[in-house]
Amino acid sequence: GEIVKLSPVMNMMFEVADLAVASPATVSRVGVVFMEPQNLGWRPVIQSWLDRLVAKYEALVPNRDQMWELFDANMDAGIEFVKRQRCPIPCPMISIGLGEWLGYSCGNMMESLLDKHIIGKDGKVLMAKVLDDRVEALFYFSLVWTAGGICDEVGREEYSNFMRDMISGE
């Protein structure tokens, strides 16, 4: 029965695992939108991220399709490896939102790296071929350190071997 006063600039958000005990009144008052995480997946997260990224960096407009293809070809395999191999994860984590979280984290890491790597030492945007290679390298680096980074030492070794095989095409 306690009232929590919020200032005009404060918002309160709740995230629930399911709506099993929520009444229709609760749902309508709070304006709840519930989507099953397994039905959402990482793809809409990355599509939205790519839209924001190319709006931020015009130089990356020609690389948008390349980045999407890298995510599309590799992200599922990276996530599935972590789930299937049951790589030891040192902190508790639910697997239901794992793909979305890893996609979001990979995109954020890649963006922070692109901030530093799309401009050459001369202050100009890198040439197209160099930028293509840089984008690919930064994608794989980001994927290794997001999906592989959640594993413990043994899991990281397994994930490293998996990624080496995937990148080399084996």
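Residues numbered from 1 in each chain as written. Predicted model: local features only at pLDDT ≥ 70, side-chain atom pairs only at ≥ 80, totals over all residues. Heavy atoms only, no water.

A. The arrangement of the overall build of the chain in detail. Scanning the chain from N- to C-terminus turns up 7 helices and 0 strands. In sequence order, the chain lays out its α and β elements as α-α-α-α-α-α-α. A burial count over the chain gives 32% of its 170 residues as buried. Contacts spanning at least 24 positions in sequence make up 68% of the contacts within the chain whose residues lie at least 6 apart. (Helix = DSSP H or I, 4+ residues; strand = E, 2+ residues; numbered from the N terminus. Buried < 20%, exposed > 50% of the residue type's maximum accessible area, 1.4 Å probe, protein only. Contact = heavy atoms within 4.5 Å.)

B. Molecular detail of the environment of Cys-106. As for its placement among the helices and strands, Cys-106 is situated in helix α5 (residues 98-117). Counting along the chain gives 41 residues from Cys-106 to Ala-147, while the straight-line C-alpha distance between them is 7.9 Å. Beyond its immediate chain neighbours, meaning those up to four positions away, Cys-106 contacts Phe-71, Met-75, Phe-139, Ser-142, Leu-143 and Thr-146.

C. Summary view of helix α4 (residues 64-84). Across its 21 residues, α4 extends 30 Å between first and last C-alpha, which sits within 8% of the 30 Å expected from 1.5 Å per residue. Residue Asn-74 marks the point of greatest curvature in α4, where the axis turns by about 35 degrees. Looking at α4, one finds that the buried residues are Arg-64, Gln-66, Met-67, Trp-68, Leu-70, Phe-71, Asn-74, Met-75, Gly-78, Ile-79, Phe-81 and Val-82. Where α4 is buried, its residues contact α3 (43-56), α5, α6 (128-147) and α7 (153-168). (Expected span 1.5 Å × (residues − 1). Bend = angle between axes of the 7 residues up to and from the residue.)

D. Expanded view of the packing of α4 against α5. Two numbers describe how α4 lies on α5: the axes approach to 10 Å, and their chain directions differ by 130 degrees. Put simply, α4 runs oblique to α5. For α4 against α5, the interelement crossing comes out right-handed. Residues Met-67, Phe-71, Met-75, Ile-79, Val-82 and Lys-83 of α4 lie in contact with α5, whose contacting residues are Leu-98, Gly-99, Leu-102, Gly-103, Cys-106, Gly-107, Met-110 and Leu-114. (Axes fitted to C-alpha atoms, helices over the stretch in contact; angles between N-to-C directions. Parallel < 35°, antiparallel > 145°, perpendicular 65-115°, else oblique. Left-handed = near helix turned anticlockwise from the far one by under 90°.)

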